[in-house]
Amino acid sequence: NAGVMQNPRHLVRRRGQEARLRCSPMKGHSHVYWYRQLPEEGLKFMVYLQKENIIDESGMPKERFSAEFPKEGPSILRIQQVVRGDSAAYFCASSPVPDGQPQHFGDGTRLSIL
Amino acid sequence: ILNVEQSPQSLHVQEGDSTNFTCSFPSSNFYALHWYRWETAKSPEALFVMTLNGDEKKKGRISATLNTKEGYSYLYIKGSQPEDSATYLCAFDQTNAGKSTFGDGTTLTVKP
């Protein structure tokens with residue numbers, strides 16, 4: 001049973017470009033969570049999605065960031081017009097139901113902004 | 001904003017030492033407390049889920065306790081081994097709505 005798959009593992013973008021990070025949850029999991037780890041900091045919640053719905057986006061920056069989890073295909077975290085401060089590791093996790101069960105994490109995408 | 005604090009931030013012990021560290025969380029509106037183990041260059045892996053005050057969980061040499069009334073959980077490692085070196089994260093669920101608030105972790109280094 002494949003785990004949470006994130007791609008790409010590493011992504012380099014120039015300032016002003018767009019970054020698209022993909023996350024395929026574990027089979028049977030319909031709940032997806034995105035976290036950001038800035039350099040020297042811990043994991044910070046960004047957004048929680050179910051299929052076709054954003055449940056909680058309280059951790060998302062108000063501008064340039066968006067997330068989706070379509071009916072078919074992976075969840076996408078999209079960052080428009082990237083800036084140096086967006087350089088971070090972005091982790092995706094999934095769970096079958098959000099009733100206190102542990103989340104299963106992907107290996108993350110390391111985003112570097114030149 | 002929920003405050004989940006872990007202490008110490010880092011810990012260096014010798015092989016064979018036993019150690020413990022703390023996770024503090026808000027004592028009101030508790031739903032679940034998770035411990036994860038995060039090795040360098042890997043992804044966090046779940047160790048324990050704790051839901052009831054007084055819960056004790058054990059997996060090999062690692063165990064955890066939970067006090068929801070005072071808002072803390074302890075993680076214990078007995079007879080540390082170099083392969084225990086990792087960052088240990090706790091995550092607090094205030095409700096069953098899915099969102100976990102993570103602490104910044106305790107990074108354990110076990111020297112042979």
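Structure: above.
These numbers come from a predicted model, not from an experiment. (Residues numbered from 1 in each chain as written. Chains lettered and ligands numbered in written order. Predicted model: local features only at pLDDT ≥ 70, side-chain atom pairs only at ≥ 80, totals over all residues. Heavy atoms only, no water.)

1. Quick look at the interface of chain B and chain A
Many descriptions give the size of an interface as the accessible area lost when the pieces come together.
Point 1. Contacts between the two partners involve 20 residues from chain B and, on the opposite side, 21 residues from chain A.
Point 2. Contact between chain B and chain A buries roughly 1,600 Å² in total, counting both sides, with carbon and sulfur atoms accounting for 57%.
Point 3. Counting the surface chain B buries against chain A, the share from its top three residues, B:Trp38, B:Lys99 and B:Phe102, is 30%.
Point 4. At the junction of chain B with chain A, the criterion picks out one salt bridge.
Point 5. In this structure, the salt-bridge partner of B:Asp104 is A:Lys44, at a minimum N-O distance of 3.3 Å.
Point 6. For the pair chain B and chain A, the number of links is five residue pairs in polar contact (both at pLDDT 80 or more).
Point 7. Within the residue set of the side of chain B that touches chain A, elements represented by two or more residues are strand E4 (32-38), strand E5 (45-50) and strand E9 (86-93) of chain B.
Point 8. Counted by class, the side of chain B that touches chain A contains eleven nonpolar, five polar and four charged residues. (Contact = heavy atoms within 4.5 Å. Buried area = accessible area lost by both parts, 1.4 Å probe. Salt bridge = Lys/Arg side-chain N within 4 Å of Asp/Glu carboxyl O. Polar contact = N/O pair within 3.5 Å; in protein donor to acceptor, adjacent residues only side chain to side chain. Helix = DSSP H or I, 4+ residues; strand = E, 2+ residues; numbered from the N terminus. Nonpolar A, V, L, I, M, F, W, Y, C, P; charged D, E, K, R; others polar.)

2. Quick notes on the packing of aromatic side chains
Point 1. Considering all chains together, one arrives at 15 aromatic pairs over all chains under this definition.
Point 2. Plain terms: the ring middles of B:Tyr74 and B:Tyr76 are 6.1 Å apart, the flat faces sit at 70° to each other, and that makes the pair edge-to-face.
Point 3. Judged by relative accessible area, B:Tyr76 falls into the partly exposed class, the value being 30%.
Point 4. Aromatic rings pair up to connect A:Tyr35, A:Phe45, A:Phe105, B:Tyr36 and B:Phe102 into one cluster. (Phe/Tyr/Trp six-rings, centres within 6.5 Å; stacked < 30°, edge-to-face > 60°. Buried < 20%, exposed > 50% of the residue type's maximum accessible area, 1.4 Å probe, protein only.)

3. What about the state of the cysteines?
Point 1. Applying the stated criterion across every chain, the model contains two disulfides over all chains.
Point 2. The disulfide partner of A:Cys23 is A:Cys92, and the S-S distance across this bridge is 1.8 Å. Its S-S torsion of approximately -55° makes the covalent link between A:Cys23 and A:Cys92 left-handed. With A:Cys23 in strand E3 (residues 19-24) and A:Cys92 in strand E9 (residues 88-95), this pair connects stretches of sequence that are 69 residues apart.
Point 3. A relative accessible area of 0% means that A:Cys23 is categorised as buried.
Point 4. Note on A:Cys92: relative accessible area 0%, which makes it buried.
Point 5. Put simply, B:Cys23 and B:Cys90 are joined by a disulfide, and their sulfur atoms are 2.0 Å apart. A torsion of 75° about the S-S bond marks the disulfide between B:Cys23 and B:Cys90 as right-handed. Taken together, the residues span a long stretch of sequence, with B:Cys23 in strand E3 (residues 19-24) and B:Cys90 in strand E9 at a distance of 67 residues. Like B:Cys23, the residue B:Cys90 is buried in the burial classification. (Disulfide = S-S within 2.5 Å.)

4. Some details on the side chain of A:Asp56
Point 1. For A:Asp56, the position within the fold is in strand E6 (residues 53-56).
Point 2. Contacts of A:Asp56, omitting those with residues within four sequence positions, involve A:Phe45, A:Met46, A:Val47, A:Tyr48 and B:Lys99.

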